[in-house]
Amino acid sequence: MAFEGLNYPCWELLDCQGEVPQSRSGHTCALYNNRYLYIFGGFDGSSCFDDLYVLDLETRLWRRIEAGGDRPSGRASHSAVTDQLAGVMYIFGGSGSHFGYTNKRDLCEFCFETECWRLLSNPVEDTPSARYGQSMVAYQQGDQRGGAVELHLISG
């Protein structure tokens, strides 16, 4: 069925160069500054990844990031969200390759400027409970210049 004169979103295959990530499932993608697409983790059928890649959507160039700090362990079915104002990405939960038996409940932050990870929560003492397959959104109430960002989980 064709609709003349109407534009609908459609898929476009991008021809990208650089260090392209290998095939995986259960990874997360997070967009930063409407230009950079970050991919973390995932599963290849036998093990979970702890790697981080970025695709520059303007130059269509992939780059593997050798991040500093406390890198999260390999996982899949975790959640990720960016905070544009703070310039960070948050990763929460997920599971190792024994899905359902190796669930995680750590909250990690990746700083785009310094390319460093930081563990924000103690996975032994903090809540919420360990889980995988959940969604997460960042919500900033009121003035975009000041207020704190709240992270909300939708149970997996």
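Keep in mind that this is a model prediction, so the values were computed, not measured.

Parameters at a glance
By convention here, each chain's residues receive numbers from 1 onward along its written sequence. The predicted nature of this model means local features are confined to residues of pLDDT at least 70 and side-chain atom pairs, given and counted, to a pLDDT of 80 or more, with totals for whole chains, interfaces and linings taken over all residues. Only hydrogens and water are set aside; all other atoms, that is, all heavy atoms of the structure, feed into the side-chain values. Any carboxyl oxygen of Asp or Glu that lies within 4 Å of a side-chain nitrogen of Lys or Arg is treated as forming a salt bridge with it. Runs of H or I in DSSP of at least four residues are treated as helices and runs of E of at least two as strands, each being numbered from the N terminus. Buried, partly exposed and exposed residues are distinguished by accessible area as a fraction of the type maximum, computed with a 1.4 Å probe on protein chains only: under 20%, between the cut-offs, and over 50%, respectively. Being paired, for any two strands, means DSSP has found at least two bridges between them. A 1.4 Å probe that fits into a set of points on a 1 Å grid over the protein atoms alone but cannot get out defines a cavity; an open set with protein on both sides within 12 Å along at least five of seven lines defines a pocket, and lining residues are those with an atom within 4 Å of a point. Grid points are joined across faces, edges and corners, and a volume is the space filled by probe spheres set on the points. Just so you know the grouping, Ala, Val, Leu, Ile, Met, Phe, Trp, Tyr, Cys and Pro go in nonpolar, Asp, Glu, Lys and Arg go in charged, and all remaining residues, Gly too, go in polar. Contact between two residues is taken to exist if any of their heavy atoms lie within 4.5 Å; hydrogens are not considered.

Novice: Any details on the pattern of salt bridges? Residues and values, ideally.
Specialist: Summed over all chains, the structure comprises 9 salt bridges. We note a salt bridge from Asp-56 to Arg-35, for which the minimum N-O separation is 2.7 Å. A residue pair is termed long-range when its members are at least 10 positions apart, and Asp-56 in strand E4 (residues 52-56) and Arg-35 in the loop between strand E2 (28-32) and strand E3 (36-40) qualify at 21 residues. Owing to a relative accessible area of 12%, Asp-56 belongs among the buried residues under this scheme. For Arg-35, a relative accessible area of 22% puts it in the partly exposed group. Arg-64 serves as the salt-bridge partner of Glu-66, at 3.3 Å between the closest nitrogen and oxygen. A cluster of three or more residues bridged by salt bridges with shared partners is formed by Arg-35, Asp-56 and Glu-58.

Novice: Before we move on, could you go through the pairing of strand E8 (residues 88-92) and cite the residues and values that matter?
Specialist: Burial runs high along E8: 5 of the 5 residues are buried. One ladder, built from 5 bridges, connects strand E7 (residues 79-83) with E8; its direction is antiparallel. The residue of E8 that forms the bridge with Asp-83 is Val-88. Count of turn residues in the E7/E8 antiparallel hairpin: 4 residues, of which Gly-87 carries a positive phi of about 70 degrees. Bridging between E8 and strand E9 (residues 107-111) involves 5 bridges; their strand directions are antiparallel. Bridge pairing links Met-89 to Phe-110 in E9.

Novice: An account of empty space enclosed by the protein is needed here, citing residue identities and associated values.
Specialist: For the coordinates displayed, the defined rule picks out 1 cavity of 30 Å³ or more. Its volume calculated, the largest cavity comes out at about 30 Å³. Along the walls of the largest cavity sit Asp-50, Asp-51, Leu-52, Ile-65, Glu-66, Ala-67, Arg-71 and Trp-117, which together make up its complete lining. Across the lining of the largest cavity, the residue classes tally to 4 nonpolar, no polar and 4 charged.

Novice: Just give me the short version of the environment of Ser-47, but keep the residues and values in it.
Specialist: Relative to the elements of secondary structure, Ser-47 occurs in the loop between E3 and E4. Leaving out residues up to four positions away in the same chain, Ser-47 has contacts with Gly-42 and Ser-97.

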